[in-house]
Amino acid sequence: MTTSTRGATKVPAVLVLEDGRIFRGRAYGAVGVTFGEAVFSTGMTGYQETLTDPSYHRQVVVMTAPHVGNTGVNDEDPESKQIWVAGYVVRDPARVPSNWRAKRSLDEELRHQGVVGISNIDTRALTRHLRERGAMRVGIFSGNALPDEGTMLAEVRQAPEMKGANLSAEVATKEAYVVPAIGEKKFTVAAVDLGIKGMTPHRMAERGIEVHVLPATATVEDIYAVNPDGVFFSNGPGDPATADHPVSVMQAVLERGTPLFGICFGNQILGRALGFGTYKLKYGHRGINQPVQDRTTGKVEVTAHNHGFAVDAPTDKVSDTPYGRAEVSHVCLNDNVVEGLQLLDKPAFSVQYHPEAAAGPHDAAYLFDRFTSLMSTVLMEGQRA
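Residues numbered from 1 in each chain as written. Predicted model: local features only at pLDDT ≥ 70, side-chain atom pairs only at ≥ 80, totals over all residues. Heavy atoms only, no water.

Going by the annotation in an unreviewed UniProt entry, the name recorded for the chain is Carbamoyl phosphate synthase small chain, with Streptomyces cupreus given as the source organism. Recorded under Sequence similarities (unreviewed entry), the UniProt text for the chain is reproduced unchanged: "Belongs to the CarA family." (UniProt positions renumbered as here; feature names shortened; annotations may be inferred.)

A. Geometry of the pattern of salt bridges. Using the criterion set out here, one finds 18 salt bridges in the structure. Where Glu 356 meets Lys 197, a salt bridge forms, and the shortest distance between an N and an O atom there is 2.9 Å. Residue Glu 356 is found in the loop between β21 (348–351) and α10 (366–384), and its partner Lys 197 is found in the loop between β12 (187–192) and α6 (199–205); the two are separated by 159 residues along the sequence. According to the relative accessible area criterion, Lys 197 is buried, its value standing at 8%. One network of salt bridges, with partners in common, ties together Arg 203, Glu 206, Arg 207 and Asp 369. (Salt bridge = Lys/Arg side-chain N within 4 Å of Asp/Glu carboxyl O. Helix = DSSP H or I, 4+ residues; strand = E, 2+ residues; numbered from the N terminus. Buried < 20%, exposed > 50% of the residue type's maximum accessible area, 1.4 Å probe, protein only.)

B. Looking closely at the packing of aromatic side chains. On inspection of all chains with the given rule, the structure shows six aromatic pairs. Ring centres of Phe 232 and Phe 261 lie 5.5 Å apart, and the angle between their planes is 70°; on these two criteria the pair is classed as edge-to-face. Here Phe 232, found in strand β14 (residues 230–233), pairs with Phe 261, found in strand β15 (residues 260–263); they are 29 residues apart in sequence, far enough to count as distant. On the basis of relative accessible area, Phe 232 is assigned to the buried category, the value being 0%. Aromatic rings pair up to connect Phe 232, Phe 261, Phe 349, Phe 368 and Phe 371 into one cluster. Arg 256 extends its terminal NZ or CZ atom over the ring of Tyr 224, reaching a point 4.0 Å from the ring centre. In this structure, Lys 280 packs its charged tip against the face of Phe 309, placed 5.7 Å from the ring centre. (Phe/Tyr/Trp six-rings, centres within 6.5 Å; stacked < 30°, edge-to-face > 60°. Lys NZ or Arg CZ within 6 Å of the ring centre and 35° of its normal.)

C. Structural detail: empty space enclosed by the protein. Tallying each qualifying case throughout the model produces two cavities of 30 Å³ or more. When its volume is computed, the largest cavity comes out at roughly 180 Å³. Considering the residues around the largest cavity, the lining is formed by 20 residues, among which Glu 49, Thr 50, Lys 197, Ile 288 and Ala 304 are closest to the centre. Counting only elements with at least two residues in the lining of the largest cavity, the list comes to α1 (47–51), β16 (277–294) and β17 (299–312). It is β17 that provides the largest number of residues to the lining of the largest cavity, a total of three residues. Lining the lining of the largest cavity are residues from two domains, each supplying at least three of them: domain 1 (12–158) and domain 2 (168–383). A volume near 150 Å³ is recorded for the second largest cavity. Every residue lining the second largest cavity is counted, 17 residues in all, and those nearest its centre are Gly 236, Gly 238, Asn 306, His 307 and Gly 308. Mapped by element, the contributors of at least two residues to the lining of the second largest cavity are α9 (265–273) and β17. By residue number, the principal contributor to the lining of the second largest cavity is β17, which donates four residues. Looking at side-chain class alone, the lining of the second largest cavity contains five nonpolar, 10 polar and two charged residues. Mapped onto the domain boundaries, the lining of the second largest cavity takes at least three residues apiece from domain 1 (12–158) and domain 2 (168–383). (1 Å grid on protein atoms, 1.4 Å probe; cavity = no way out; pocket = protein on both sides within 12 Å on 5 of 7 lines; lining within 4 Å. Points joined across faces, edges and corners; volume = space filled by probe spheres on them. Domains from an automatic or database assignment. Nonpolar A, V, L, I, M, F, W, Y, C, P; charged D, E, K, R; others polar.)

Written out as structure tokens, the structure reads:
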């Protein structure tokens, strides 16, 4: 990817999909060239959290909300230290941000971080195209001297696909760090960073958990060196079929019977650890308005999603696994995709969405309480033994 930070709203830009569909608009953010997987997000708020979510690494995000950038950019809401999206697509960018916390405009932030974007295109038509044809490779080209359409299309088709991509180590922390408990410390959790969002350890810290965030390359020995009461596997980018190391580490945790909680990529890792397969969704779930049913309670939650892969597990029966019985605990009510797993004979569960959801909704925040309850139960049983 090549970029320049000299963005200008009247500079021409072209979006080229790998199937040959072309959209012409204006540059938004940095001027240059970028490639990635074209996906759409249905959230009407929380664009700053979306941009800084490591799970969006190597993806070009199309915003379905027509007007983006109203609240500008502040220094409190990022989920990581940088913008991770490969490119950004909006229809009608705000000309002037208006929010008491705003430090700069979204356009300025995109330019500052070298993120190539495009505006003034029909994002509704683009979203409908992706829903019909599926997520695919895309390129955004901007500047006053653009290549011809054939050259741009050829470059898009040479870009790497998301299927088969192993990306967690590219976005995860390189060094372990600790997020201290807020108030009285009740538990210690080892969190394997596969692309973790900043709000996740914060939500655990609010519940008295001291969180040791470990690199994606962490070993079983690294995890148990912190003497954890529980182990957490985070969200992250890429194809779960490539994540052999996290799968083997999780299997070792399951063998020991340590309370385990996974979200998003962590849910897919649990699926693989239990012997289920994973597959790529046609266009994925992304946004903050996805309906999910918790089958253990019957409750329906509105949830925040960002995933293009899913676990292939039976939703109509309890399955036998090397670690005991397992069942699908949550399903998406739009398409019946598996959104959660739980073991019935060991203290382990996962969900395919974001219970921390800094931008909302907060329907799923109880899952962190479920994790603390699981750790409490196991600790009490150990004391009795």
